[in-house]
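# Fold and geometry: a report
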Amino acid sequence: MLSVVPKTEWIKTWSENGVGWVQLNHENKLNPLSAGFILAIKEATEKFDNDLSIGCIVLIGSEKAFAAGADLKEMVKHNFASVYETRYIENGWLDIPKIQTPIIAGVKGYALGGGCELAMMCDFIIASDNAKFGQPEINIGAIPGAGGTQRLTRSIGKSKAMLAILTGDMISAEEAEKSGLVAKVVSNEEFNVSLKEIAQKIANQSKPLAKLAKQAVNVAYETTLDEGIRTERALFYSTFALQDHVEGMEAFSEKRKPVWNNR
Ligand code: CO8
């Protein structure tokens, strides 16, 4: 593996009330994803994942784009041997789905190619009404390579995924919400406030409970229904070992809001 230097200068991070914000802040507002950039994104998200005061991570881009795909100026220099030997879409890319903390993609503008794939690696997508999704790789001599053919198909079904991947056409925010790619579309004006509210609501939950719930939902993605139901049941039983389970039950009986101890 060749060493790649993380482009930390293209990442802005801050945290507020248990929400960790990671902004893709490339000098090109289309946020082209180079190997160093994705490594910096991985490092920033992992840092928040390892911070137990953080209950929700939000990945956002610029006003123009979440990310318009692989950095084509970098990709053009590659050949088969170099992508294979440098593990071009492994370093960083394979780590983001392993984040344990709930992670939201907040998409304004373009989420194309690797950008759409990065958004789909998050737990769900909140989109501005100006968002545009797509897997246009076929138009530049490739096919999706960071999970697009798999995650898009599971998300919107074979027919719509085929249409998008074989034509390379963009999917509007409205269509993305209708087909289930996006959890919610909000107007561009209300986007920041709505995204913050959703993230805050998740960050205010019991952190271990939110992580267990995320793990259980992800099993639905990765295995059969029988196996998923078995895993869910085991994870559900495990919540009874948490102080927060006792607190949630007591708060319900006492008709008050639970105070989470995150234990
Ligand atoms: N990479 C590098 N530079 C880019 C990219 C990109 N993906 N997209 C645009 N740029 C550059 C342009 O070359 C231009 O640079 P310059 O000013 O030096 O000429 C500048 O950004 C502005 O671009 P446009 O003038 O084209 O901006 P528009 O607002 O007119 O159009 C679009 C915006 C529609 C997003 C258009 O730029 C576009 O179609 N871009 C390409 C999108 C694309 O094909 N994405 C898929 C890439 S392939 C991929 O993602 C494979 C995923 C595999 C995993 C990733 C591994 C790292």
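Scroll up to find the structure.
Nothing here was measured: the structure is a model prediction, and the numbers come from that model.

## Considerations on the sheet that holds strand S9 (residues 171-172)
- Reading across the sheet, the four strands line up as S4-S6-S8-S9 and stay open at both edges, with mixed pairing between neighbours. Two strands lie at the open edges of the sheet, namely strand S4 (65-67) and S9, each paired on one side alone.
- Each of S4, strand S6 (110-112) and strand S8 (132-134) touches helix H4 (residues 114-121); the most contacted strand, S6, lies at about 95° to it.

## Considerations on the site of the ligand
- Near the ligand, the surroundings consist of 23 residues, among which Asn28, Ala68, Ala70, Leu72 and Gly114 are the closest.
- At 3.1 Å, a side-chain N or O of lysine 64 approaches an oxygen atom of the ligand.
- Taking alanine 70, its main chain carries an N or O atom lying 2.8 Å from an oxygen atom of the ligand.
- Surface burial for the ligand is 66%, taken as the share of its 1,100 Å² of free accessible area covered by protein chains.
- Those elements that provide at least two residues to the shell around the ligand are helix H2 (72-75), S6 and H4.

## Remarks on the sheet that holds strand S3 (residues 56-60)
- Taken together, the six strands give an open sheet; going across it, the order is S1-S2-S3-S5-S7-S10, and neighbouring strands pair in mixed fashion. At either margin of the open sheet sits one strand with a lone partner, and together these are strand S1 (11-16) and strand S10 (184-186). Each adjacent strand pair in this sheet contributes to an overall mean axis angle of 20°, direction not counted.
- One ladder, built from four bridges, connects strand S5 (residues 103-107) with strand S7 (residues 124-128); its direction is parallel. Paired with glycine 106 across the two strands is isoleucine 126, which belongs to S7.
- Contacting S1, strand S2 (19-24), S3 and S5, helix H1 (residues 35-49) runs over the sheet at an angle of about 15° to S1.

## Digging into the pairing of S5
- Of all the five residues making up S5, five are buried; the element is thus mostly covered by neighbouring parts of the structure.
- Alternating residues of S5 divide into Ile103, Ala105 and Val107 and Ile104 and Gly106, and every residue in both groups is buried.
- In the sheet, S3 pairs with S5 via four bridges, with the strands oriented parallel. Paired with isoleucine 60 across the two strands is glycine 106, which belongs to S5.

## Quick notes on the pattern of salt bridges
- In the structure shown here, the tally under the stated rule is twelve salt bridges.
- For lysine 42, the salt bridge identified is with aspartate 95, shortest N-O distance 3.5 Å. One end of the pair, lysine 42, is in helix H1; the other, aspartate 95, is in the loop between helix H3 (80-85) and S5, with 53 residues separating them in the sequence.
- Accessibility expressed as a relative area gives 17% for lysine 42, which makes it buried.
- Its salt-bridge partner being glutamate 175, residue lysine 160 comes within 3.0 Å of it at the nearest N-O pair. In this pair, lysine 160 sits in helix H6 (residues 158-167) while glutamate 175 sits in helix H7 (residues 173-179), placing the two residues 15 residues apart along the sequence.
- A relative accessible area of 40% means that lysine 160 is categorised as partly exposed.
- Given a relative accessible area of 26%, glutamate 175 falls into the partly exposed group.
- Salt bridges sharing common partners tie together Lys42, Glu46 and Asp95.

Rules used throughout
Residues numbered from 1 in each chain as written. Predicted model: local features only at pLDDT ≥ 70, side-chain atom pairs only at ≥ 80, totals over all residues. Heavy atoms only, no water. Pairing = 2+ DSSP bridges. Helix = DSSP H or I, 4+ residues; strand = E, 2+ residues; numbered from the N terminus. Contact = heavy atoms within 4.5 Å. Axes fitted to C-alpha atoms, helices over the stretch in contact; angles between N-to-C directions. Near = heavy atom within 4 Å. Polar contact = N/O pair within 3.5 Å; in protein donor to acceptor, adjacent residues only side chain to side chain. Areas by Shrake-Rupley, 256 points an atom, 1.4 Å probe, with all protein chains shown as cover. Buried < 20%, exposed > 50% of the residue type's maximum accessible area, 1.4 Å probe, protein only. Salt bridge = Lys/Arg side-chain N within 4 Å of Asp/Glu carboxyl O.

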